[in-house]
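Residues per chain are reported as follows:
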Amino acid sequence: MLSIVLAALRARRSSTIAVWLMACLVVAAAVGAPWYVLGARERVTVQDVADDTNVHRMIILTQDVTIAAVPGETPDPTVIDTAFANMRSAIRLPGAIDITGLRVVGSLGGRINAPVPVAYRSGVCDHVVVVGRCPTDVNDVMLSRALAGQLGVNVGGTVPWPTASRLATVPSLRIVGLYDPIDVENAYWGKGLLSATAPVGSPTADAMFVTESTIRADAQGATVERLLVVTPATVTSSGPDALADQLSVMVAAIGNSFALDQDYFPLATRIDADLRTVTNTVPVLAVELILFGWFALYLVLRAMSAGRRADVGLALLRGTGRVGMWRLFGPQNAVPVVAAIPFGALAGYLVARWLAGPVHSSDQPVALAVSAAAALLVVLGALIASAVAERASRRAPIIDMLRRTPARRRGWRADAADGVVVALALFAFVQFKIGGTATIGGTSGAATPTNGAVGVAAATPALLAVVIALVAARVVAPIALRLLPAAIRAGHATRMLTAAHFARRPGIDRVFAILVVAVALIGYAVLGWQTATDAAHTRAVEQLGADRVLQIRNASAQRVLTVTRAADPTGRYAMAAAAYPSSKVLAVDRTRLAAILHAGPGWPSGASVAAALDANVATALRLSDGPLRLGATATTLPRHGVELAVDLVDADGVGHAVRFGPLATRRNTYQATLSGCPSGCAFVDLQVVDALNPDSPAGSPVQGVSIVVGSLEPDSGPTGEGASGTAASGGAAAPSGVGVPGGLDATAFGDRDGWRTSIGDATLGPAVSTGPDGLHIDLPTGESRGEFKLFDPRVFPADVSLPVPVVSAGTPPAPDRPGLADLDVFGDLTVPDRVAAHVAVLPQLGTSGTYVDLSAALRLDGGAGVGAQPQIWLRADAPASVLARIRAAGLVVASDVSIGSAEASYGRQAPFAALRFGLAIAVIALLVAAIAVITLATVERQNRAAELGALRRVGLAARATAATAYATYLCLVAAALGVGLATVAIAHLLVGRHVTVFADGYAVPPAPHATAIGWVFVAVASAVPLVAAAWYAAARLVRTYRRVPGGGG
Amino acid sequence: MTKALVADRVTVAYGVRAPVLHDVTVAAAPGRVLAVTGPSGAGKTTLLSTLAGLLRPMSGTVTVDGERVRDRDHAVAEGIVLVPQDNGLAPILTAAENVTVTLLARGMSAADARRATAEALELLGLAGQAGQLVEELSGGQQQRAAFARGLALAGDVLLADEVTSELDAQNRQKVIDLLLAEAARGAAVVFATHDAEAAAGCHAELRLVDGRGELVRA
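Computed from a prediction, not measured in an experiment: that's the story for all the values here.

### Quick word on the overall build of chain A
Scanning chain A from N- to C-terminus turns up 28 helices and 35 strands. Across the 1049 residues of chain A, 52% fall into the buried class.

### Looking at the overall build of chain B
Counting its secondary structure elements, chain B contains seven helices and 10 strands. Compactness check: chain B gives a C-alpha radius of gyration of 16 Å against a globular reference of 17 Å for 218 residues, within 12% of the reference. By principal-axis analysis of the C-alpha atoms, chain B measures approximately 45 × 35 × 35 Å. A buried classification covers 56% of the 218 residues belonging to chain B. Of all intrachain contacts in chain B linking residues separated by at least 6 positions in sequence, the fraction that spans at least 24 positions is 69%.

### Digging into the sheet that holds strand 25 (residues 774-779) of chain A
Residue and element names in this part refer to chain A. Read across the sheet, five strands follow the order 19-16-21-25-24 without closing on themselves; strand pairing throughout is antiparallel. A strand with exactly one partner marks an edge of an open sheet, and here the two such strands are strand 19 (667-674) and strand 24 (767-771). If you compare each strand with its neighbour and ignore which way they point, the axes differ by 30° on average. As paired strands, strand 16 (residues 626-636) and strand 19 are joined by eight bridges and run antiparallel to one another.

### Considering the sheet that holds strand 34 (residues 893-898) of chain A
Residues and elements named next belong to chain A. Taken in spatial order, the eight strands of this open sheet run 31-28-32-14-13-33-12-34, and their pairing is mixed. Looking at strand neighbours, the two that pair on one side only are strand 31 (833-839) and strand 34, the edges of this open sheet. Each strand of the sheet is rotated relative to its neighbour by a mean of 25°, with strand direction disregarded. Across four bridges, the pairing between strand 14 (residues 585-588) and strand 32 (residues 849-853) is parallel. Following the sheet pairing, Val588 is matched in strand 32 by Asp853.

### With respect to the nonpolar core
All names here are of chain A. Counting 365 residues, the largest nonpolar core has Val516 and Val933 as its most contacted members. Looking at this core, the element that brings in the most residues is helix 26 (residues 910-953), giving 27 residues. If we ignore the near neighbours within four places in the chain, the residues touching Val933 are Val511, Tyr969, Leu1026, Ala1029, Ala1030 and Ala1033. Counting residues in hydrophobic clusters, the runner-up holds 40 residues, among them Leu630, Ala632, Trp755 and Leu775.

### Digging into the packing of helix 26 of chain A against helix 28 (residues 1012-1042) of chain A
Residue and element names in this part refer to chain A. Packing of helix 26 against helix 28 leaves a shortest axis separation of 8 Å and a crossing angle of 25°. The orientation of helix 26 relative to helix 28 falls into the category roughly parallel. Helix 28 is crossed by helix 26, and the crossing has right-handed handedness. Grouping the constituent residues of the contact of helix 26 with helix 28 by class yields 17 nonpolar, three polar and four charged.

### A word on the interface of chain B and chain A
Contact residues are listed per partner, giving 30 residues for chain B and 28 residues for chain A. Looking at the side of chain B that touches chain A, the elements that each hand over two or more residues are helix 2 (72-77), helix 3 (95-105), helix 4 (110-123) and helix 5 (139-153) of chain B. Looking at which element gives the most residues to the side of chain B that touches chain A, the answer is helix 3 of chain B, with six residues.

### Considerations on the environment of Thr570 of chain A
Tracing the chain through its elements places Thr570 of chain A in the loop between helix 18 (557-567) and strand 13 (574-580). Along the primary structure Thr570 of chain A and Arg592 of chain A are separated by 22 residues, whereas in three dimensions their C-alpha atoms are 9.3 Å apart.

### Quick notes on helix 5 of chain B
Residue and element names in this part refer to chain B. Between its first and last C-alpha atoms helix 5 spans 21 Å; for 15 residues at 1.5 Å apiece the expected length is 21 Å, and the two agree. Across the 15 residues of helix 5, 13 count as buried, placing the element largely inside the fold. After helix 5 finishes, the residue Ala154 shows a positive phi value of roughly 50°.

### Observations concerning helix 18 of chain A
Of all 11 residues in helix 18 of chain A, eight are buried; the element is thus mostly enclosed. Every buried residue belonging to helix 18 of chain A is among Ala557, Gln558, Arg559, Val560, Leu561, Val563, Thr564 and Ala567 of chain A, and all of these are buried.

### With respect to the confidence of the model for chain A
Atom-level detail of predicted coordinates should not be read off regions where pLDDT is low. Residues and elements named next belong to chain A. Summing up the model confidence of chain A, the mean pLDDT is 79 and the portion of residues at 70 or higher is 80%. Looking at the elements of chain A, mean pLDDT is at its lowest for strand 11 (residues 438-439), recorded as 46, and at its highest for strand 8 (residues 208-210), recorded as 93. Counting interchain partners and residues more than four positions distant, the pLDDT-below-50 stretch residues 718-734 has 64 contacts. pLDDT under 50 marks residues 736-740. Its contacts with residues more than four places away, or in other chains, come to 33 contacts.

### With respect to unusual backbone geometry
Leaving glycine aside, a negative phi is the common case for residues, and trans is the common case for peptide bonds. At the junction of Leu802 of chain A and Pro803 of chain A, the peptide bond is cis and its omega measures out at -5° in the coordinates. Tracing the chain through its elements places Pro803 of chain A in the loop between strand 27 (795-797) and strand 28 (804-809). For Asp23 of chain B, which is not glycine, the phi dihedral falls at a positive 45°. Structurally, Asp23 of chain B can be placed in strand 2 (residues 21-28). For Ala154 of chain B, which is not glycine, the phi torsion reads 50° and is therefore positive. When you line up the elements, Ala154 of chain B lands in the loop between helix 5 and strand 7 (157-161).

### Observations regarding the environment of Val230 of chain A
Considering the arrangement of structural elements, one finds Val230 of chain A in the loop between strand 9 (221-229) and helix 7 (232-238). Once residues lying within four places of it in the same chain are set aside, the contact partners of Val230 of chain A are Val49, Arg57, Leu93 and Ala96 of chain A.

### Considering the pairing of strand 33 (residues 869-874) of chain A
Residues and elements named next belong to chain A. Taken across its six residues, strand 33 has five buried, putting it largely inside the fold. Here four bridges tie strand 12 (residues 548-552) to strand 33, and the two strands are oriented antiparallel to one another. Opposite Val549, over in strand 33, you have Trp873 as the bridge partner. By the bridge criterion, six bridges tie strand 13 to strand 33 in an arrangement that is antiparallel. Following the sheet pairing, Ala579 is matched in strand 33 by Gln869.

What counts, and at which threshold
- Residues numbered from 1 in each chain as written.
- Chains lettered and ligands numbered in written order.
- Predicted model: local features only at pLDDT ≥ 70, side-chain atom pairs only at ≥ 80, totals over all residues.
- Helix = DSSP H or I, 4+ residues; strand = E, 2+ residues; numbered from the N terminus.
- Buried ≥ 20, exposed ≤ 12 C-beta atoms within 10 Å, placed from the backbone.
- Rg over C-alpha atoms; globule rule 2.2 N^0.38 Å.
- Contact = placed C-beta atoms within 7 Å.
- Pairing = 2+ DSSP bridges.
- Axes fitted to C-alpha atoms, helices over the stretch in contact; angles between N-to-C directions.
- Core = buried A, V, L, I, M, F, W, Y, C linked by C-beta atoms within 7 Å.
- Parallel < 35°, antiparallel > 145°, perpendicular 65-115°, else oblique.
- Left-handed = near helix turned anticlockwise from the far one by under 90°.
- Nonpolar A, V, L, I, M, F, W, Y, C, P; charged D, E, K, R; others polar.
- Expected span 1.5 Å × (residues − 1).
- pLDDT = per-residue confidence, 0-100.

Put into structure tokens, the structure is as follows:
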């Protein structure tokens, strides 16, 4: 019996190999899916961790301990050990960076205004470059070079402990080394140890590093710290699930034992969403392919059984029993299917590993078990399909079995199966419409962080394709039957034979359905990929606004503006910007916006935005170091002395003030000396301040003052009053004289349009008026001020047009007002605005936010812009020297993101992992379909060759005969391509518009759409393998019938 | 319509095997029916295939009106019609479609092809089976359908290979009468048969024995 089976397999070698190949592909998909899921989950999680900011990856436990209750008491260092032990037992994260530390914070006074940490930190010497050596002994200290420079000390010298640092004694520390951090952005540094990474507004001096024993011996108390940094290794050590679970459990268990500083939630949420996306999507895709493969295998095996029906008929005629029949014919189908297991499994594993990376060792047993079960399931299903196919072919009468062309008849079972599939698809579609979303591309839906709808809805696109394919397949034969007489009437023999083939060849409708589904799968997957990558690009462009964006951490917006302009004097490559996230405002250097802003959907050109943002900013008066002279007349003064303060800001955004007075009740000239502005500082404002308490807070200012300010100029010698006044520069409504090196005279101070007080409804300023003698400033007494919320005594040059022009996205301004609700540019400064242009989208801000000119914002803010997050936008072709100059100026680049790197980052997220698997599945489906075409052609080849050979003998020309052979298969493929592409369009229309591309649910406006190039690629990608298969099948047929005598030529 | 088909000292072999026909010389003249007889395996089908341009002789020539027959397409162009022993019917086509497709392939207009098809099937008594698929026909009906196709082509030369082997006596006679009618139309008819009675009704007879031909009746 075995020899008969083997002989039968050899006799039908091509069909056997095709079935084996097809089974290999399906087994590969089934086996690969679990490995892909688990590999992708880990890879996606690792990527999430790697991509996220240090802030989200850091978990800091701290506890203040008392080492010695009173000064001089013997220290009890065990409290530190106890705290460390408790912290270690509280959280265990294998693979995380685990740093322990101690710190005390004090002040060194003098030029060091910021708090100074004295710290022990494990492994510090691995993260610094040291001149000298690391501290090893008690009272050894290592200073940063910057701090040492500020203190004027060096290695070998000493430095005192910072005061107010809870010391038992106050010893001097020996400076044994000076350090420079290798990478200030490294998460190792945590928070509060380096000045470069200290947030603006909360300065910190660079830490003084000592040994642990130093703090134990000297400090009365200290802060015990444990810093855990989640790394990709944490994921690979624990597994993606374990990380999220462990963290949530452990963080909850900490309770009030320690102070916990962590912002892990966004990362955990993202990881959770990504894991769910992969877990919910990939198996659905794999199941789809398995079902598709079963159907294809059933079809092919049935065709093979049909091809053997003459053998079956003869065996039945000879009285072979049922068992004998199964033994004779069953193995002919089973052998290639079973033989596919090892090859398919190996291929599936290797491809999954290639696409998704290795699976964590803890997950490997699961992957192995699931993939083995999946392989067995596939083979079992294939064998069942084989048995059903064999049984179906044997139900035919023996006379049918002996016919070359069996009768076409459809049983109720096939109709019922079609009905079930259609009902399932409709159910899925309804479910999808109710609340599901789908991963763009692939063939499936996927859970999103927002709804989690999966199940049948996830397979909607594929089921939709199946429905359309089945319906279309049912009309293939009727349409062909209608075309047949038309072909006869047209007198076209080839067309007639082709139509007859479609109308009467059994099984061709099922092949057609398979092809349609395969085309739909690949089309939907490819278009999904195209739209997803387009969306990723759009999002990258939208979130950056320029080819490359640097986030600057350690400088004010004013300094970043100055450095950027200096680094790129041409203005073609770099632009400074400043974000105010709390108010969704982005201030941009409009003078460079046209050159730097990346074109994108939904927003106008940089030139038009720049034009709209023109706030007519005047050039500021600049004063340099040296004596200044102020002419003023006070008419009313309080009993205590008052001064007139002039505030300035240098190019780095550092404020400077010079005070004149105390003011006297007469016309006088006051002198003062400006320092700290060797290169000039911009005049910001002037205000009357209490001579004894110049820093008195807003709300309790000087009262009862009336003065007239007549001049402000460098004191270059004895000159007449007002002699230094000069002509006005251009500008919004700047006072005369502003912008001219020198100063302001009475004419400039007397320009009423040139001065303003604090803006916004929430503040009240002094009464300001002008006259020929200059600027009149009146600060009424409290009784006469009425009700106000906040008093701001400053008087500003009106060097910016108000309301300030803005470009906004989102809600358009109300018709009865020129702008949005007052622009809260700096968190605490409300600025009246005017919407100069309203757009759909603004880069970095999306569909809601406001652009304002950076220079205008800085001027309104008083020059520094310390509340902003400064950025530098770069063009892709920016010379390296520009960035080098930026770095050389001392700016610390906190992050450097380009459009390409942002796209790549999105491409590593979970939806793209699902898309990749969807593409792989679609490619496999397409290959299965192509093999199905070849197999069915192989099975029928002998009969068709005989048929065409016979027609050839009776007079059909060689060209017509060959054309018939090719037309049959090519028309099949062409028709399937047409219907398949139409299916793609329908699926894309119904499902593709509701897809989620990003794990965080972000939707790119405008929604991504399939492009013409995408459609062309889909058509080519699906046509190439199918046309190749059809061509191969036809060529084999032609070669075969040409071997028939007379068939050649 | 006066083409004569001549085989001159034709030797035919399949591949490298021993020749099936040896130096066979025979002529089919217009207006006459030449019977080719002989036992099974004598080479009757081989001879007709050679005359039809399906097989290329090792030596000797086949000419139609003095022009050497190059291949089957040339033979078709010269009006050499073959009714093969296995009927040469396409199973996916009906009886009428089998006839029609051949006529269309020969360049006949659709209307003429339909009319000729109907007439030919009518002549063979298959008007009622015109719309049936070939495999739904009996062997005899299939044979008559194939012969009807040969008649419909109305060639200058008609090569009929065992076209009566599965027919009852009545239909066999009808086919023979139609062969004679074809000859009367002016066609040169070659009729391969192992039926001596059928051969007796023909104008001439070539007897093949072991691949060698002997003109027993001229």
